[in-house]
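Each chain, written out:
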Amino acid sequence: MGLFKNKSKNAPSMTGSEKASLNGSISNATSVYVKTVHTSPSATASLPNVALPPAPDYATDPAGYLKSIYAVRERTQVVMDLAKENKLKHFTVDMKKFEETAQYVVAIIKRDYAPDFASIPPHGRWQHFEVGGRPRVDQLMATWPSTVTSQERCRRLIDLFVVSVLLDAGAGNKWQYKSKESGRFYRRSEGLAVASLEMFKTGMFSSDPENPYQVDSAGLKKLTRDAVAKGLQVSETNPLNGLEGRTDLLIRLGDALKRKEFFGDDARPGCMLNYLLSHPSTQASSVPVIPLPTLWTVLMDGFGPIWPATRTQVDGQSLGDAWPCECIPGTGNETILPFHKLTQWLCYSLMVPMTKLLHVHFAGQELMTGLPEYRNGGLLVDTGLLTLKPDDVTRGLQAYQYNAMKEGQPNVEVVPLFSADDDVIIEWRALTVGFLDLLLDEVNKLLGLRGADKLSLAQMLEAGTWKGGREIAEVSRPNTKEPPIMILSDGTVF
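Identification of the protein chain as Uracil catabolism protein 4 from Myriangium duriaei CBS 260.36 is taken from an unreviewed UniProt entry.

Structure representation (structure tokens):
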């Protein structure tokens with residue numbers, strides 16, 4: 001049971017005043033997320049105003065709209081509108097727990113960063129590489145000769161970060177990785193980060209024996225599941241969820257990288273840097289200014305072929321991380337909820353090396369949403385803000401018990417289990433996106449931060465909700481440290 005778990009099996013219906021509170025919060029949601037990434041006023045004073053392209057028109061281009069970053073927040077808002085009336089299909093909302101949830105997030109942030117909240121880094125893969133306080137990325141770059149230019153260093157990091165993110169699905173509670181360099185054991189996202197870094201350094205993803213420090217199409221195409229399993233130290237006694245799915249993603253990435261428009265003749269993820277810096281929408285100022293939708297297009301269209309063919313499609317186009325949701329009124333495409341969590345995780349992660357090494361500024365970062373994954377979403381359930389309805393609890397527990405009979409699967413600290421395409425998971429993820437926007441506003445108020453000093457969404461994810469979701473899971477389920485609702489992972493849903 002979570003630290004703030006509502007002890008009744010059925011969360012009470014909201015009172016009129018609680019509904020009014022949630023109504024007010026949701027009606028003000030636009031003011032929650034229209035923020036710039038946290039930088040000092042002097043750092044942005046000389047930057048030009050960049051006009052962002054509009055969202056594709058749903059009426060004429062439904063697939064284009066549903067693949068856009070704009071659609072994520074707009075479509076999840078429909079689910080939040082139902083939440084304010086407690087008309088959800090699978091969850092009840094107890095807004096009395098909203099303040100407690102915000103206070104918990106604030107306590108985590110204050111513990112680790114007060115009073116220097118400006119030092120909080122944006123959420124991204126870079127931090128996972130530094131588990132244990134070791135600056136592994138800086139140490140890696142220090143081994144490269146001075147003849148390696150800043151742009152090539154950035155390309156190499158983009159190469160590394162892309163494969164590392166694609167390997168970063170839920171690892172399960174049994175897998176661990178022993179670092180070949182330090183001999184220490186790491187688990188979960190950090191373990192996958194260290195493993196992917198050490199695999200990268202051996203040249204596992206490169207076809208050029210003269211340069212192991214790159215990822216290219218030919219290098220990825222030669223991968224096998226056995227090779228990836230060996231690199232990740234997977235065995236019968238050290239199982240990793242979704243190994244097959246992760247490997248297939250990387251192999252399909254090898255095909256996707258052949259698109260020269262984005263990835264050049266070298267067919268490397270890092271060559272997207274050339275495309276971005278030379279794009280007509282990029283402006284040269286005191287620093288390069290790249291519109292976020294330009295990066296989004298590269299990741300959504302360039303990496304589109306990596307997704308399984310079974311994913312939701314519109315007009316023959318695979319939408320990737322987008323799913324029909326039963327609680328949304330309408331039929332057909334009207335019910336589709338896009339999340340694009342992996343694409344957003346790539347965006348958050350890849351912006352960091354480009355910003356650090358080349359001082360690139362990305363205009364329109366406020367379009368990004370919180371990440372709808374099990375740490376952020378688990379926080380909302382463990383604090384009692386969201387409660388799964390009884391019929392779904394019963395169904396999920398039955399699925400857990402069935403899964404527990406399989407060899408190597410967890411069978412302690414029983415929690416409801418669902419597949420990634422189950423409507424429970426779709427609704428949960430939509431609520432996660434919506435409530436992260438509301439939490440950002442409340443967290444900044446509780447921290448007393450205003451104007452340019454406010455935390456960005458990326459900072460709150462890094463220092464508060466993602467970390468807080470993990471920590472409350474460790475307290476609530478100390479044996480497995482799993483979230484309060486488990487997703488049956490195939491290695492492609494994160």
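Having seen the structure, we can now continue with the description.
Caption draft 1: Up close: the overall build of the protein chain. In terms of regular secondary structure, the protein chain is built from 21 helices and 13 strands. Looking at the protein chain residue by residue over its 494 residues, the buried ones come to 58%. Of all intrachain contacts in the protein chain linking residues separated by at least 6 positions in sequence, the fraction that spans at least 24 positions is 73%. When the accessible surface of the protein chain is split by element, carbon and sulfur atoms take 51% of a total near 19,500 Å².

Caption draft 2: Representation of the packing of helix α5 (residues 69-83) against helix α20 (residues 423-447). Following both chains from N to C, one finds α5 and α20 inclined at 95°, their axes separated by 9 Å at the closest point. The angle between α5 and α20 places the two elements in the roughly perpendicular class. Judged by residue contacts, Arg-73, Thr-76, Val-79, Met-80 and Ala-83 of α5 engage Glu-427, Ala-430, Leu-431, Val-433, Gly-434, Phe-435, Asp-437 and Leu-438 from α20. Of the residues in the contact of α5 with α20, the class split is eight nonpolar, two polar and three charged.

Caption draft 3: Molecular detail of the packing of aromatic side chains. With the rule as written, the count across this model stands at 10 aromatic pairs. Note on Tyr-58 and Tyr-65: the rings are 5.7 Å apart at their centroids and 75° apart in plane angle, and the pair reads as edge-to-face. Residue class for Tyr-58 comes out partly exposed when judged on its relative accessible area of 27%. Put simply, the rings of Phe-262, Phe-263, Tyr-275 and Phe-303 touch in pairs and so form one group of aromatic residues. Above the plane of the ring of Trp-144 lies Arg-156, whose end atom (NZ or CZ) is 4.8 Å from the centre. Positioned above the aromatic ring of Trp-126, the side-chain terminus of Lys-356 is 4.0 Å from the ring centre.

Caption draft 4: Main features of the pairing of strand β5 (residues 288-291). Relative to β5, strand β4 (residues 283-284) is paired through two bridges, and the arrangement is antiparallel. What sits directly across from Gln-283, in β5, is Val-289. Hairpin connection between β4 and β5: a loop of three residues separates the two successive antiparallel strands. In the sheet, β5 pairs with strand β10 (residues 361-363) via three bridges, with the strands oriented parallel. Residue pairing for β10: Val-289 is matched across the bridge by His-361.

Caption draft 5: Highlighting the sheet that holds β10. Strand order in the open sheet formed by three strands is β4-β5-β10, and the pairing between neighbours is mixed. Lying at the two open borders of the sheet, with one neighbouring strand each, are β4 and β10.

Caption draft 6: Here's a closer look at the environment of Arg-477. Along the chain, the position of Arg-477 falls in the loop between α21 (457-476) and β13 (486-488). For Arg-477, the contacting residues outside a window of four places in its chain are Asp-382, Glu-413, Val-415, Glu-482, Pro-483 and Pro-484.

Caption draft 7: Layout of the pattern of salt bridges. For the structure on display, the rule yields 27 salt bridges. A salt bridge links Asp-112 to Arg-111; its shortest N-O distance comes to 2.8 Å. In this structure Arg-111 comes out as partly exposed when scored by relative accessible area, which is 48%.

Caption draft 8: The arrangement of the confidence of the model for the protein chain in detail. Per-residue pLDDT for the protein chain has a mean of 88; in total, 89% of the residues score no lower than 70. The secondary structure element of the protein chain with the lowest average pLDDT is helix α2 (residues 29-33), at 35, and the one with the highest is helix α6 (residues 98-113), at 98. When the criterion is pLDDT under 50, residues 17-21 qualifies, and its contacts beyond four places in sequence or with other chains add up to six contacts. Across residues 23-45, where pLDDT falls below 50, the model places 35 contacts with residues more than four positions away in sequence or in other chains.

Caption draft 9: Representation of the packing of helix α18 (residues 374-382) against α21 in the model. One can describe the packing of α18 onto α21 by two numbers: an axis separation of 8 Å at closest approach and a directional angle of 60°. Regarding the angle of α18 to α21, the classification is oblique. Viewed along their axes, α18 and α21 form a crossing whose handedness is left-handed. Mapping the contact onto sequence places Arg-375, Asn-376, Leu-379 and Asp-382 in α18 and Leu-461, Thr-465, Trp-466, Gly-468, Gly-469, Arg-470, Ile-472, Ala-473 and Ser-476 in α21. Per-class residue counts for the contact of α18 with α21 are five nonpolar, five polar and three charged.

Caption draft 10: Structural view of the environment of Val-194. On the secondary structure map, Val-194 appears in helix α10 (residues 188-201). Classification of Val-194 by relative accessible area gives buried; the value is 1%. Residues Val-194 and Arg-136, 58 residues apart in the sequence, show an inter-C-alpha distance of 8.7 Å. Ignoring sequence-local partners within four residues, the contact set of Val-194 consists of Val-131, Arg-136, Tyr-177, Ser-179 and Tyr-186.

Caption draft 11: Quick peek at helix α13 (residues 243-256). Across its 14 residues, α13 extends 20 Å between first and last C-alpha, which sits within 8% of the 20 Å expected from 1.5 Å per residue. Where burial is concerned, most of α13 is hidden: 10 out of the 14 residues are buried. What α13 keeps buried is the set Leu-243, Gly-245, Arg-246, Thr-247, Asp-248, Leu-249, Leu-250, Leu-253, Gly-254 and Ala-256. Where α13 is buried, its residues contact α9 (150-166), α10, α11 (217-221), α12 (225-231), α14 (260-263) and α16 (292-302).

Caption draft 12: Spatial organisation of the side chain of Arg-429. In this fold, Arg-429 is placed in helix α20. Of note is the side chain of Arg-429, whose polar atom sits 2.8 Å from the side chain of Asp-321. Contact partners of Arg-429, with chain neighbours within four places excluded, come to Asp-321, Trp-323, Phe-339, Lys-341 and Pro-372.

Caption draft 13: The side chain of Arg-156, seen in detail. For Arg-156, the location among the structural elements is in helix α9. Taking relative accessible area as the criterion, Arg-156 reaches 10% and is therefore assigned buried. Excluding residues that lie within four positions of it along the chain, Arg-156 makes contacts with Trp-144, Val-148, Phe-200, Asn-211, Tyr-213 and Arg-268.

Caption draft 14: Molecular detail of α5. With 15 residues, α5 extends 22 Å between its outermost C-alpha atoms, agreeing within 8% with the 21 Å of an ideal straight helix rising 1.5 Å per residue. Counting buried positions over the 15 residues of α5 gives 11, a clear majority of the element. Looking only at α5, the buried set comprises Ile-69, Tyr-70, Ala-71, Val-72, Arg-73, Arg-75, Thr-76, Val-79, Met-80, Leu-82 and Ala-83.

Thresholds applied
Residues numbered from 1 in each chain as written. Predicted model: local features only at pLDDT ≥ 70, side-chain atom pairs only at ≥ 80, totals over all residues. Heavy atoms only, no water. Helix = DSSP H or I, 4+ residues; strand = E, 2+ residues; numbered from the N terminus. Buried < 20%, exposed > 50% of the residue type's maximum accessible area, 1.4 Å probe, protein only. Contact = heavy atoms within 4.5 Å. Areas by Shrake-Rupley, 256 points an atom, 1.4 Å probe, with all protein chains shown as cover. Axes fitted to C-alpha atoms, helices over the stretch in contact; angles between N-to-C directions. Parallel < 35°, antiparallel > 145°, perpendicular 65-115°, else oblique. Nonpolar A, V, L, I, M, F, W, Y, C, P; charged D, E, K, R; others polar. Phe/Tyr/Trp six-rings, centres within 6.5 Å; stacked < 30°, edge-to-face > 60°. Lys NZ or Arg CZ within 6 Å of the ring centre and 35° of its normal. Pairing = 2+ DSSP bridges. Salt bridge = Lys/Arg side-chain N within 4 Å of Asp/Glu carboxyl O. pLDDT = per-residue confidence, 0-100. Left-handed = near helix turned anticlockwise from the far one by under 90°. Expected span 1.5 Å × (residues − 1). Polar contact = N/O pair within 3.5 Å; in protein donor to acceptor, adjacent residues only side chain to side chain.

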